[in-house]
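The chain contents come next:
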Amino acid sequence: MKRLAWVLLSVAGCLSTGWAHSDDRAAGVEQLHELLLTAMTLPEQSARENLLGQHVLALFDVQTIARISAGQSWRSLPEEKRREYVDLLSQLIVATYADRFDAFNGQSFVTEEIRPARSGHVVLTRLLRPNDTPVSLDYYLRDNKVFNVVADGVSDLSLRRADYSSIIKNEGFDSLLTHLARKVALARGESNP
Amino acid sequence: MRWLLGLTIFMGGCAGLDGDNYAAFDQQESLNRKSYQLSDAVDRSVVLPAARAYHRIMPDWVERGVLNFFLNLRTVASAANGFLQGKPKSGAIDLSRVAINSTLGLGGVIDWASKWNLPYQEEDFGQTLAVWGYKKSRYVYVPFMGPATVRDLPGLLVRSTLPRIILGRDYHLAISGLDLISVRADLVTATDVRDVSALDPYAFTRDAYYQRRKYLIYDGEPPVDDFFDSFAEDDALEDDAAASDP
């Protein structure tokens, strides 16, 4: 009887540890979703950026996103250019979130599953929209930091890499920085496309 | 469960879809870019303004009804491709959709089937060829029709001609124009997002197209490890660089 009690306690312990671990692994993403829901009620882009900025930059591995998006040219970049590029990309990611999530129309987020992968884990979520089809939003994490978001099968990081590589190849790295600065201004409503 | 007969072929067929250097499949990039630019110019000057006007004028329920009507016609092809891929459940769901929406849904205008948990399965002949083992395919930007691969061209042809085959003479110029404008209006948000996000809209469109196709071929469940593996090369480069640093 005593043995059975220990087994039950151990199983319960494992389960609760497992749950806590699962919750921990999705916590950053779920907090982002809560902040996005709040941000959608704020009318000003700057207010939304202020609300989201700190958490987004803590949650996202911008350095990795920048490196992978730049492809092979990353290796030949001087440190100063890397810093400028990472800084612009950080601004762009925050500004884009603040720009896209700018109106609350009854949306909600659901965390569906945390799926382990060979070198990290994936938090599978859904954005539910009244009178519209849900959007699957899958967050890819390594070391508890998001490096890729996949919306209905389309990977943000893969798109960035294709997009940025094309600009680097055809126009050079400095042109990429100019384009990024323009996109930040555009997301903030400071310029035309 | 859902894979049945197609499972083995499917997995083999999709192996070549791993790795996402889709630019390598664009062997006629110069020609495709010209096709994209021409199509984009026509879109921006004629089709897009008409689609925006249509969206402004039409009540949401009318827009939805028009989209539903044409989707219902095309669901016949989706059903056939579900069966061809060895997914009888998928084919049966699409057939049920056609039966329900064509009758209770007033010729397809009202989508009762989705409300009754019978969602559109979105199959096409390009996906069927992928399931049958046509792994890699060159990129083509079809003038005025959009991104495709050589493998997807027959499906695109079926998609564009099916309403005419079903409706016959009733699918005249005005009706086919309505079909085009309603689909374009439905895509306005997506292309607006592209215009705001993309630095090179051509490369962005190509990559998004390939990714979306892969997602559909895997029925919305591509292997999660692919998204880790596809960036492994970049990580290896970084590791090499770190190792060579003094």
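The rules behind these values
Residues numbered from 1 in each chain as written. Chains lettered and ligands numbered in written order. Predicted model: local features only at pLDDT ≥ 70, side-chain atom pairs only at ≥ 80, totals over all residues. Heavy atoms only, no water. Helix = DSSP H or I, 4+ residues; strand = E, 2+ residues; numbered from the N terminus. Buried < 20%, exposed > 50% of the residue type's maximum accessible area, 1.4 Å probe, protein only. Contact = heavy atoms within 4.5 Å. Areas by Shrake-Rupley, 256 points an atom, 1.4 Å probe, with all protein chains shown as cover. Pairing = 2+ DSSP bridges. Core = buried A, V, L, I, M, F, W, Y, C linked by side-chain atoms within 4.5 Å. Polar contact = N/O pair within 3.5 Å; in protein donor to acceptor, adjacent residues only side chain to side chain. Axes fitted to C-alpha atoms, helices over the stretch in contact; angles between N-to-C directions. Parallel < 35°, antiparallel > 145°, perpendicular 65-115°, else oblique. Left-handed = near helix turned anticlockwise from the far one by under 90°. Nonpolar A, V, L, I, M, F, W, Y, C, P; charged D, E, K, R; others polar. Salt bridge = Lys/Arg side-chain N within 4 Å of Asp/Glu carboxyl O. Buried area = accessible area lost by both parts, 1.4 Å probe. Patch = residues over 30% accessible without salt bridge, like charges linked within 9 Å, V, L, I, M, F, W, Y side chains within 5 Å. pLDDT = per-residue confidence, 0-100. Expected span 1.5 Å × (residues − 1). Bend = angle between axes of the 7 residues up to and from the residue.

## Here's the deal with the overall build of chain A
Here is step 1 of the chain: In terms of regular secondary structure, chain A is built from 6 helices and 5 strands.
Here is step 2 of the chain: When the helices and strands of chain A are listed from N to C terminus, the series reads α-α-α-α-β-β-β-β-β-α-α.
Here is step 3 of the chain: Burial status across chain A gives 48% buried among its 193 residues.
Here is step 4 of the chain: Contacts in chain A between residues at least 24 apart in sequence constitute 52% of all its contacts with a sequence separation of at least 6.
Here is step 5 of the chain: In the form shown here, chain A has an accessible surface area of approximately 10000 Å², with 53% of it arising from carbon and sulfur atoms.

## Some words on the pairing of strand E2 (residues 120-128) of chain A
Residues and elements named next belong to chain A.
Here is step 1 of the chain: Where strand E1 (residues 108-117) lies against E2, 9 bridges are found, and the strand directions are antiparallel. Bridge assignment links alanine 117 to a residue of E2, and that residue is glycine 120.
Here is step 2 of the chain: Once E1 ends, the chain turns through 2 residues before running back antiparallel as E2.
Here is step 3 of the chain: As paired elements, E2 and strand E3 (residues 135-142) share 7 bridges and run antiparallel to each other. Counterpart to histidine 121 in the pairing with E3 is leucine 141.
Here is step 4 of the chain: Linkage of E2 to E3, two consecutive antiparallel strands, is achieved through a turn of 6 residues, within which asparagine 131 is found at a positive phi near 60°.

## Points about the nonpolar core
Here is step 1 of the chain: Formed by 58 residues in total, the largest nonpolar core has its most connected members in Phe60, Tyr85, Tyr97, Tyr139 and Leu176 of chain A.
Here is step 2 of the chain: Considering each element in turn, this core owes the most residues, 9 residues, to helix H4 (residues 79-100) of chain A.
Here is step 3 of the chain: Counting 11 residues, the second-largest nonpolar core is a separate cluster that includes Leu48, Phe70, Ile181 and Val188 of chain B.

## A short note on the side chain of threonine 128 of chain B
Residues and elements named next belong to chain B.
Here is step 1 of the chain: Turning to its location among the elements, threonine 128 is positioned in helix H6 (residues 125-131).
Here is step 2 of the chain: Of the residues examined, threonine 128 reaches a relative accessible area of 0% and is grouped as buried.
Here is step 3 of the chain: A polar side-chain atom of threonine 128 sits 2.7 Å from a polar atom in the side chain of asparagine 81.
Here is step 4 of the chain: What threonine 128 contacts, discounting residues up to four positions off in sequence, is Asn81, Leu84 and Gln85.

## Some thoughts on the packing of helix H2 (residues 45-59) of chain A against H4 of chain A
All names here are of chain A.
Here is step 1 of the chain: Following both chains from N to C, one finds H2 and H4 inclined at 125°, their axes separated by 8 Å at the closest point. Our classification of the angle between H2 and H4 gives oblique. The element H2 and its partner H4 pack so that their crossing is right-handed. Contacts between H2 and H4 pair Gln45, Arg48, Glu49, Leu52, Gly53, Val56 and Leu57 from the former with Ser90, Ile93, Val94, Ala95, Tyr97, Ala98 and Asp99 from the latter.
Here is step 2 of the chain: Partitioning the contact of H2 with H4 into residue classes produces 8 nonpolar, 3 polar and 3 charged.

## Structural notes on the pattern of salt bridges
Residues and elements named next belong to chain A.
Here is step 1 of the chain: Throughout the structure, instances matching the rule amount to 23 salt bridges over all chains.
Here is step 2 of the chain: Notably, a salt bridge pairs arginine 188 with glutamate 49, separated by 3.1 Å at the nearest N-O pair. Of this pair, arginine 188 sits in the segment after helix H6 (173-187) while glutamate 49 sits in helix H2, placing them 139 residues apart in sequence.
Here is step 3 of the chain: With a relative accessible area of 28%, arginine 188 lands in the partly exposed category.
Here is step 4 of the chain: Classification of glutamate 49 by relative accessible area gives buried; the value is 12%.

## Some remarks on the interface of chain A and chain B
Here is step 1 of the chain: Between chain A and chain B, the contact holds 43 residues from the first and 31 residues from the second.
Here is step 2 of the chain: Per-residue buried area on chain A facing chain B is highest for Arg75, Leu159 and Asp163 of chain A; these three make up 17% of the total on that side.
Here is step 3 of the chain: Taken together, the links from chain A to chain B amount to 0 salt bridges.
Here is step 4 of the chain: There are 12 residue pairs in polar contact (both at pLDDT 80 or more) connecting chain A and chain B.

## Observations regarding a nonpolar patch on the surface
Here is step 1 of the chain: Taken together, the side chains of Val76, Ile165 and Ile166 of chain B define a hydrophobic patch exposed on the protein surface, amounting to about 270 Å² of accessible area.
Here is step 2 of the chain: As for its placement among the helices and strands, valine 76 of chain B is situated in helix H3 (residues 60-84).

## A word on the confidence of the model for chain A
Here is step 1 of the chain: Averaged over every residue, the pLDDT of chain A is 86; the share at 70 or more is 87%.
Here is step 2 of the chain: The model gives residues 1-22 of chain A a pLDDT under 50, and that stretch makes 1 contact with residues more than four places away or in other chains.

## Overview of H2 of chain A
The periodicity of an α-helix, 3.6 residues per turn, causes residues three or four places apart in sequence to face the same way.
Residue and element names in this part refer to chain A.
Here is step 1 of the chain: Compared with an ideal rise of 1.5 Å per residue, which puts 15 residues at 21 Å, H2 spans 20 Å between its outermost C-alpha atoms and is within 8% of the ideal.
Here is step 2 of the chain: Its maximal kink placed at leucine 52, H2 deviates by approximately 45°.
Here is step 3 of the chain: Among all positions in H2, only Gln45, Arg48, Glu49, Leu52, Gly53, His55, Val56 and Leu59 are buried.

## Digging into the sheet that holds strand E4 (residues 145-151) of chain A
Residue and element names in this part refer to chain A.
Here is step 1 of the chain: The sheet built from 5 strands is open, its strands ordered E1-E2-E3-E4-E5 with antiparallel pairing. On the outer flanks of this sheet lie E1 and strand E5 (154-155), each paired with one strand and no other.
Here is step 2 of the chain: Pairing analysis gives 6 bridges linking E3 to E4, with the strands arranged antiparallel. Paired with leucine 137 across the strands is alanine 151, a residue of E4.

## Comments concerning the pairing of strand E1 (residues 139-142) of chain B
Residue and element names in this part refer to chain B.
Here is step 1 of the chain: With 4 bridges joining them, E1 and strand E2 (residues 146-149) adopt antiparallel strand pairing. Pairing of valine 140 across the sheet is with alanine 148, part of E2.
Here is step 2 of the chain: Hairpin remark: E1 followed by E2, antiparallel, with 3 residues in the connecting loop; positive phi at phenylalanine 144, about 65°.

## Description of the confidence of the model for chain B
Residues and elements named next belong to chain B.
Here is step 1 of the chain: On average, residues of chain B carry a pLDDT of 85, and 85% of them reach 70 or more.
Here is step 2 of the chain: Per-residue pLDDT stays below 50 along residues 1-19; that stretch engages in 37 contacts with residues further than four places along the chain or on separate chains.
Here is step 3 of the chain: Under the prediction, the complex receives an ipTM of 0.78, its pTM being 0.82.

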